[in-house]
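A closer look at the structure
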Amino acid sequence: QVQLVESGGGLVQPGGSLRLSCAASGFTFSSYAMNWYRQAPGKERELVASVTSTGHSLNYADSVKGRFTISRDNAKNTVYLQMNSLKPEDTAVYYCKRGITGNYWGQGTQVTVSS
């Protein structure tokens, strides 16, 4: 079965960095685009970044452009989100999602940006 397991969240001060990982299993990882979403308390889940199956095309929400970098390692079946210059408004639960359609999500990892 499809499994997506996020890790790497935590508490960080404003201006700090975190690297999230999403380990995938149960499907042919290299055939799917992968996405990172986030959901802050009281807000709708929003798309943060996407990467195509080959890793050649990347897309970002305007709010994270220049600060976050999505990447993938198809040999390790893992997608990453490098987050730099973190702001308090980046505080959210971060989820990875398989593909553009379908409903396969990880369980989420909490990121808290606070001094």
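The preceding data block contains the structure.
Residues numbered from 1 in each chain as written. Predicted model: local features only at pLDDT ≥ 70, side-chain atom pairs only at ≥ 80, totals over all residues. Heavy atoms only, no water.

A separate point is the overall build of the protein chain. Within the protein chain, the regular secondary structure consists of zero helices and ten strands. Reading the protein chain from its N terminus to its C terminus gives the helix and strand order β-β-β-β-β-β-β-β-β-β. Expected size for 115 residues packed as a compact globule is a radius of gyration near 13 Å; at 13 Å, the protein chain falls within 12% of this value. For the C-alpha atoms alone, the extent of the protein chain along its principal axes is close to 40 × 25 × 20 Å. Taken over 115 residues, the protein chain has a buried fraction of 41%. Put simply, 53% of the contacts in the protein chain that link residues at least 6 apart link residues at least 24 apart. Carbon together with sulfur atoms contributes 47% to the accessible area of the protein chain, which is approximately 6000 Å² in total. When the 11 basic and 7 acidic side-chain charges of the protein chain are each reduced to a single mean position, those positions are 5 Å apart. (Helix = DSSP H or I, 4+ residues; strand = E, 2+ residues; numbered from the N terminus. Rg over C-alpha atoms; globule rule 2.2 N^0.38 Å. Buried < 20%, exposed > 50% of the residue type's maximum accessible area, 1.4 Å probe, protein only. Contact = heavy atoms within 4.5 Å. Areas by Shrake-Rupley, 256 points an atom, 1.4 Å probe, with all protein chains shown as cover. Lys, Arg positive; Asp, Glu negative; His and termini not counted. Charge placed at Lys NZ, Arg CZ, Asp CG, Glu CD.)

Once that is clear, we can look at the pattern of salt bridges. Inspection of every chain in the model, using the stated rule, returns four salt bridges. Its salt-bridge partner being arginine 38, residue aspartate 90 comes within 2.9 Å of it at the nearest N-O pair. Highlighted residues: aspartate 90 in the loop between strand S8 (78-83) and strand S9 (92-98) and arginine 38 in strand S4 (residues 34-39), separated in sequence by 52 residues. An identical accessibility class is assigned to aspartate 90 and arginine 38; each is buried. Measuring nitrogen to oxygen at the nearest pair gives 3.2 Å for the salt bridge that ties aspartate 62 to lysine 65. Each member of the pair, aspartate 62 as well as lysine 65, carries the same accessibility label: exposed. (Salt bridge = Lys/Arg side-chain N within 4 Å of Asp/Glu carboxyl O.)

Considering soluble globular proteins, one finds that nonpolar side chains tend to be buried as a cluster. Counting residues in hydrophobic clusters, the biggest one holds 27 residues, and the most contacted among them are Trp36, Val48, Phe68, Val79, Leu81, Met83 and Tyr94. Going through the elements one at a time, strand S3 (18-25), S4, strand S5 (46-51), strand S7 (68-73), S8, S9 and strand S10 (109-113) are the ones with two or more residues in this core. No other element matches S3, which puts four residues into this core. Leaving out residues up to four positions away in the same chain, valine 48 has contacts with Trp36, Tyr37, Arg38, Asn59, Tyr60, Ala61, Val64, Phe68, Leu81 and Tyr94. (Core = buried A, V, L, I, M, F, W, Y, C linked by side-chain atoms within 4.5 Å.)

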